[in-house]
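Take a look at the letters that make up each chain.
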Amino acid sequence: MRVKITLAANFMFVGAAFAQTSQVQGPVSSSGMTLFGVADAAIAYGTGSIASKTQLVSGANTLSRLGFRGTEALGGGLGVNFWLEAGYNADDGSGVAGNTNNTPAGATSGDAISFNRRATVSLIDVWGELRLGRDFTAIYRNREQPDPFGNNGAGTSMAQAATLGGPTSTRASNMIGYFLPPGLGGFFGEVQYFMGEQISFSPAITPNLKDGDGYAARIGYGIGPFGVAIASGTTKFAQTSSTGDIKVVNVGAFYDFGFLKLSGGYYRDKVESFVPVTGTGYLVGGTIPVGVDQVRVSYSEYGTDEVGSPRSRKFAIGYVYNFSKRTAAYATYAHLSNSGGASRALNGSLTDPDRSSNGYDLGLRHSF
Amino acid sequence: MRVKITLAANFMFVGAAFAQTSQVQGPVSSSGMTLFGVADAAIAYGTGSIASKTQLVSGANTLSRLGFRGTEALGGGLGVNFWLEAGYNADDGSGVAGNTNNTPAGATSGDAISFNRRATVSLIDVWGELRLGRDFTAIYRNREQPDPFGNNGAGTSMAQAATLGGPTSTRASNMIGYFLPPGLGGFFGEVQYFMGEQISFSPAITPNLKDGDGYAARIGYGIGPFGVAIASGTTKFAQTSSTGDIKVVNVGAFYDFGFLKLSGGYYRDKVESFVPVTGTGYLVGGTIPVGVDQVRVSYSEYGTDEVGSPRSRKFAIGYVYNFSKRTAAYATYAHLSNSGGASRALNGSLTDPDRSSNGYDLGLRHSF
Amino acid sequence: MRVKITLAANFMFVGAAFAQTSQVQGPVSSSGMTLFGVADAAIAYGTGSIASKTQLVSGANTLSRLGFRGTEALGGGLGVNFWLEAGYNADDGSGVAGNTNNTPAGATSGDAISFNRRATVSLIDVWGELRLGRDFTAIYRNREQPDPFGNNGAGTSMAQAATLGGPTSTRASNMIGYFLPPGLGGFFGEVQYFMGEQISFSPAITPNLKDGDGYAARIGYGIGPFGVAIASGTTKFAQTSSTGDIKVVNVGAFYDFGFLKLSGGYYRDKVESFVPVTGTGYLVGGTIPVGVDQVRVSYSEYGTDEVGSPRSRKFAIGYVYNFSKRTAAYATYAHLSNSGGASRALNGSLTDPDRSSNGYDLGLRHSF
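Read on for an overview of the structure. As the structure is a prediction and not an experimental result, all values here were calculated from the model. (Residues numbered from 1 in each chain as written. Chains lettered and ligands numbered in written order. Predicted model: local features only at pLDDT ≥ 70, side-chain atom pairs only at ≥ 80, totals over all residues. Heavy atoms only, no water.)

### Examining the interface of chain A and chain B
Contacts between chain A and chain B engage 34 residues on the former and 36 residues on the latter. Here chain A and chain B share an interface that buries about 2,900 Å² over both sides, 71% of which is from carbon and sulfur atoms. Of all residues in chain A, A:L56, A:D92 and A:L364 bury the most surface against chain B, accounting for 18% of the area lost on that side. For the pair chain A and chain B, the number of links is zero salt bridges. Counting the contacts that link chain A with chain B gives nine residue pairs in polar contact (both at pLDDT 80 or more). By residue number, the principal contributor to the side of chain A that touches chain B is strand β2 (residues 51–58) of chain A, which donates six residues. Each residue belonging to the side of chain A that touches chain B can be placed in one class, and the counts come to 17 nonpolar, 12 polar and five charged. (Contact = heavy atoms within 4.5 Å. Buried area = accessible area lost by both parts, 1.4 Å probe. Salt bridge = Lys/Arg side-chain N within 4 Å of Asp/Glu carboxyl O. Polar contact = N/O pair within 3.5 Å; in protein donor to acceptor, adjacent residues only side chain to side chain. Helix = DSSP H or I, 4+ residues; strand = E, 2+ residues; numbered from the N terminus. Nonpolar A, V, L, I, M, F, W, Y, C, P; charged D, E, K, R; others polar.)

### Some points on the packing of aromatic side chains
The final tally for this structure, using the stated rule, is 42 aromatic pairs over all chains. With 5.4 Å between their ring centres and 65° between their planes, A:F36 and A:W83 make a pair best called edge-to-face. Placement of A:F36 in strand β1 (residues 32–48) and of A:W83 in strand β4 (residues 78–87) is noted, with a sequence separation of 47 residues between them. As far as burial versus exposure is concerned, A:F36 and A:W83 are alike and both buried. With centroids separated by 4.9 Å and ring planes inclined at 55°, the aromatic side chains of B:F187 and B:Y221 adopt a geometry described as tilted. Of this pair, B:F187 sits in strand β8 (residues 187–194) while B:Y221 sits in strand β10 (residues 214–223), and the two are 34 residues apart along the sequence. Classification of B:Y221 as partly exposed rests on a relative accessible area of 27%. Joined through ring pairs, the aromatic side chains of A:F68, A:Y88, A:F115, B:F68, B:Y88, B:F115, C:F68, C:Y88 and C:F115 make up one cluster. One cation-aromatic arrangement involves A:R118 over A:W83; the distance from NZ or CZ to the ring centre is 4.1 Å. (Phe/Tyr/Trp six-rings, centres within 6.5 Å; stacked < 30°, edge-to-face > 60°. Buried < 20%, exposed > 50% of the residue type's maximum accessible area, 1.4 Å probe, protein only. Lys NZ or Arg CZ within 6 Å of the ring centre and 35° of its normal.)

### Focus on the pattern of salt bridges
Summed over the entire model, instances satisfying the criterion amount to 24 salt bridges over all chains. A salt bridge links B:E85 to B:R65; the nearest nitrogen and oxygen atoms lie 3.2 Å apart. You can see B:E85 sitting in strand β4 (residues 78–87) and its partner B:R65 sitting in strand β3 (residues 65–75), a full 20 residues away along the chain. B:D135 is the salt-bridge partner of B:R131, the closest N and O atoms lying 2.5 Å from each other. For B:R131, a relative accessible area of 3% gives the class buried. Assessed through its relative accessible area of 2%, B:D135 is described here as buried. Connected through shared salt-bridge partners, A:R65, A:E85 and A:R117 make up one network.

### Some remarks on a nonpolar patch on the surface
Residues and elements named next belong to chain C. Together, I219, F226, I230, V249, V251, Y255, F257, F259, L262, Y266, Y282 and V284 line one region of the surface with nonpolar side chains, adding up to about 1,000 Å² of accessible area. Where the nonpolar patch is concerned, the elements lending two or more residues are β11 (226–235), β12 (246–256), β13 (261–271) and β14 (277–290). The element best represented in the nonpolar patch is β12, accounting for three residues. Position of I219 among the secondary structure elements: in strand β10 (residues 214–223). (Patch = residues over 30% accessible without salt bridge, like charges linked within 9 Å, V, L, I, M, F, W, Y side chains within 5 Å. Areas by Shrake-Rupley, 256 points an atom, 1.4 Å probe, with all protein chains shown as cover.)

### Quick word on the pairing of strand β7 (residues 171–179) of chain C
Residues and elements named next belong to chain C. Counting buried residues along β7, eight of its nine residues qualify, which places the element largely inside the surrounding structure. Inspection of the sheet shows strand β6 (residues 128–136) paired to β7 by seven bridges, in the antiparallel sense. Bridge assignment links R131 to a residue of β7, and that residue is G177. Two strands pair when backbone bridges link them, and β7 and strand β8 (residues 187–194) are joined in this way by five bridges, in the antiparallel orientation. Bridging across to β8, Y178 finds its partner in V191. (Pairing = 2+ DSSP bridges.)

### What about the interface of chain C and chain B?
Facing the 36 residues of chain C at the interface are 33 residues of chain B. Interface of chain C and chain B: buried area, both sides summed, is about 2,900 Å²; carbon and sulfur atoms make up 71% of it. Taken together, chain C and chain B are joined by zero salt bridges. At the boundary of chain C and chain B, one finds nine residue pairs in polar contact (both at pLDDT 80 or more). For the side of chain C that touches chain B, the secondary-structure elements that each account for two or more residues are β1 (32–48), β3 (65–75), β4 (78–87), β5 (118–125), β6, β7 and β9 (199–201) of chain C. Residue composition of the side of chain C that touches chain B, by class: 20 nonpolar, 13 polar and three charged. Relative to β9(C), strand β2 (residues 51–58) of chain B is paired through three bridges, and the arrangement is antiparallel. Within the sheet, the bridge partner assigned to B:S52 lies in β9(C) and is C:S200.

### Regarding the relation of the copies chain C and chain B
Mapping chain C onto chain B calls for a screw motion: a turn of 120° about the axis and a shift of 0.0 Å along it, with 0.0 Å RMSD after fitting. The superposition operator between the copies reduces to a three-fold rotation axis. Both copies present different contact surfaces, since only 11% of the interface residues of chain C are interface residues in chain B too. (Least-squares fit on C-alpha atoms with pLDDT ≥ 70 in both.)

### Considerations on the relation of the copies chain A and chain B
Overlaying chain A with chain B gives an RMSD of 0.0 Å, the required rotation being 120° about an axis along which the chain moves by 0.0 Å. Taken together, the interface assignments show that only 12% of the residues at the interface of chain A recur at the interface of chain B, consistent with different surfaces on the two copies.

### Re the pairing of β13(C)
Residue and element names in this part refer to chain C. Note: β12 against β13, 11 bridges, orientation antiparallel. Considered in β13, the bridge of V249 is made with R268. In textbook terms, the turn of a hairpin is the stretch between consecutive antiparallel strands, and for β12 and β13 this stretch comprises four residues, one of which, G258, has a positive phi near 90°. Alignment of β13 against β14, held across 11 bridges, turns out to be antiparallel. Opposite Y266, over in β14, you have Y282 as the bridge partner. Between the end of β13 and the start of β14, which pair antiparallel, lie five residues.

### What about the nonpolar core?
In this structure, A:F68, A:F115, B:F68, B:F115, C:F68 and C:F115 are the most contacted members of the largest nonpolar core, which totals 67 residues. When sequence neighbours within four positions are dropped, the list of residues in contact with A:F115 reads A:F68, A:L84, A:E85, A:A86, A:R134, C:L66, C:Y88, C:D92, C:G93 and C:I113. (Core = buried A, V, L, I, M, F, W, Y, C linked by side-chain atoms within 4.5 Å.)

### Examining unusual backbone geometry
The backbone of B:N347 shows a phi angle near 50°, a positive value even though the residue is not glycine. Take B:N347: it is sitting in the loop between β17 (327–339) and β18 (357–367). Residue B:N347 is classed as buried on the basis of its relative accessible area, which comes to 16%. One non-glycine residue, C:N151, adopts positive backbone phi at about 65°. When you line up the elements, C:N151 lands in the loop between α2 (138–144) and α3 (158–161).

### Observations concerning the environment of B:G258
Residues and elements named next belong to chain B. Tracing the backbone shows G258 in the loop between β12 (246–256) and β13 (261–271). Taking the relative accessible area as the measure of exposure, G258 reaches 46% and is therefore partly exposed. Each C-alpha atom, one on G258 and one on T287, is 9.7 Å from the other, the two residues being 29 residues apart in sequence.

### Some details on the environment of A:D211
All names here are of chain A. Along the chain, D211 falls in the loop between β9 (199–201) and β10 (214–223). Given the relative accessible area of 18%, D211 is considered buried. For the pair D211 and G196, spaced 15 residues apart in the sequence, the C-alpha separation amounts to 5.7 Å. Non-local contacts of D211, meaning those with residues more than four positions away in its chain, are made with N101, T103, G196, Q198, K236, F237 and A238.

### Quick notes on the environment of B:F237
Looking at the secondary structure, you find B:F237 in the loop between β11 (226–235) and β12. Those residues in contact with B:F237 that sit more than four places away from it in its chain are B:N102, B:T103, B:P104, B:P167, B:D211, B:G212, B:T243, B:G244, B:D245 and B:I246.

Right, dumping it as structure tokens:
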């Protein structure tokens, strides 16, 4: 799916595109430090059966961020990379919460700036990349990459908006990751181990807490206009009536016909609480180039096997008007419908169970 | 009053000068990213009838900050600008609190760095600038610009120190602003709408909360040595015995005689609580060039119509010794007197009602 | 000890090396702004008699940081310098706590980034440097500089790990410092006054609080392969059963034989609580160059005169494999033993009183 990113990300992911595997460039030959970021603000309006809301929001096209990164070539094809990326809210200047140990207790305040998006140091050579720190989990990429809306704004996929994946569904801290190098005939992949950093009593108190420990992997194949990837991961939590180990598996794929890039994903998340809960969903998306602009459209569903089988469906359509490679205006409309007792709503609105909600974004995004 | 800034800010506002309207430069023709900031620390001493205090303080000449900004020319006179500016305390390295929704409940922790001073993304063309995000409110500029001390340190004007203007008296988040372009024969102006992002129930719960919603505007004329501006704004809050809609109107003006830049302002803030409270004040200031240095002097008052008509008066005089355009040492003395039961005091000291207080600053300011 | 830093810091202190006195470079002749930092992550394992722990940690070789600094030459040998340095955790992207008034009450949240490591503005000329803001205390340097492990990771000296020195043992805010200039025939020194910024009642409430006020000084001599320095400082706290004025005195020295740099330190910290407590310790360290790499070894002790005379001893050995001047891999092993009822443990493990603990670090450090 790396190829997909290269083709589709065009203007959307300055900064973010590199966040996947682009640092695995084989022999490293350049050094230097780069400042980068995104400033994205949008007027967002949401309606539901109970209440509506109007906001200025941040990142409805691409999440706002400020980052610092650099690479040093160490000779012999070896290199080292650092990457510090802080999310911020372009509507009010505040920061975005992170998490120090992959559990609800490790959540940090989002009042101010931290490197919540990424804080890594990597060794890179022809054998691949060893990456240490906080980063996306492998299981996140199949949610983000097939989504024409990149999981941002009113159009974000239901699998992202409603996932049961828990604290590590998007990122994990205390992570040791390995990425395959490029040049494997289209194959790419990564494995990750991350730590909740609980203490281990000896002799063991039964059972020893391992909350926040986990692992994830993703493998894929991308060549020419086609790409597919599968990912799986587990994060451990002590079993209670509401939580337990979380097991995720998902698949993403795309085919670029030129006039249309078709993408899709299937998602399954299981929480092994006393009575296990499984969530499943899928996405079908399309990105249609219109000159240098883009029409984006997607349909996605996500629901669980809880009583009543609550489920939400979303249809989203948007237009991205590209002033330049770095700057765009965009508009998105999304309609969300609920069933089985679900009451999800868009853009801060409130809706009754089984009622629908509409969301509208109108924004400006600048990458720097 | 833009012209005033250009003339008077000289060494004081590297970084800050641009915070007003300087991004409205008509057709944009340059790109790039700039890091900028101010490091300003001062020994501050205050005395009052109850207690005195000695501190190292930050920003007694210009508030300490670190910022990132840049502009991209989009062709055809169109441009985009981003601006991220974080306040910090030069005495201890901590951050400065912001506010996410323009209400007391939206205040953030100041422990760490956020873009509390400004976080904006703008579209700029010959018709003016559309600015989204967190920024100064229009009603702030007539307090800051006529004040020879720029609202900083012991010399800050009483209208700034004692304003009833509430959470949006200086800045607002979730703001949509528009600035007139330059080249209008000396006229300049801006309008702003900002959102508290409360939820709107339907059918409406009477009354729907609109706390933190508001609007402001400022219009002025500046040519040659003269400038004048008027501003007005309203921020909505549910009416209680202590708060309610806050309505602000103020005027600022200056005339630069060369050997003296005379400035003045009049301020009126009304809080529409059950028993409304109105605060009024004025400022008369002078900035006297002494070679490359400056003598600053001001007299200001602010008081309310509450029982006893509490009122405070301040006389301040200071000297700014400019090592260079970027670096200065400065000293300020201020004397504050209270009447009507007011008990304001300077630099962290405490004073009894109707007693006076003195403040002294001795500092070093470097802009980078 | 400045010379020592220059010789020994080689790869260890990009960024940090300057944090001592290197800005006192006599007549300043260059201007500009520099971004710098360190990204250091390690797998850390600790064992004790009760429990073990495995973590990804930050800064086991050099503390992770991001900084901004610059110097402006003002002519006539005069210069101004600013320095903003933020610690962060390379394992999770969060910030590191600071302190606004040198007392436990002034501790800030470490969730996000602040300039907790250093926030200063300085005037520098041939007479030395006047430095205002938050910085290391003079009494810290004799702990950090003789330690082959730089007070970081499992190998950090016991005098650092167990010091009674309180909130100002490493840094202080609201500080006015003066550094001697270089070129004094090998002599160097600094004095510091820092403020807790308590209020002073008049007539004085007996006793007036002075918590967090303090002063410190350090003087030394370094020439050729040899250096020695002595430091002393006092921080005031109201006397209780558990705290009171904290008085610190320590000595550090080194001699570089070429094949071995031998270093040592002696430490004494006294807390003047109702029943005073005194802590004492020492360090003997060696740094052995192996080509461009380094073997580090140290033995250190620290204990107090509390009941039972609790005391901890540590032996540490490590290897630093330098990929380049900026990048290294490193491994450290440390063994800690307790007596007199002490129960200190390494790397997050837990151990019973008088039992031992082992710590292991394996990490990657990149300076940028």
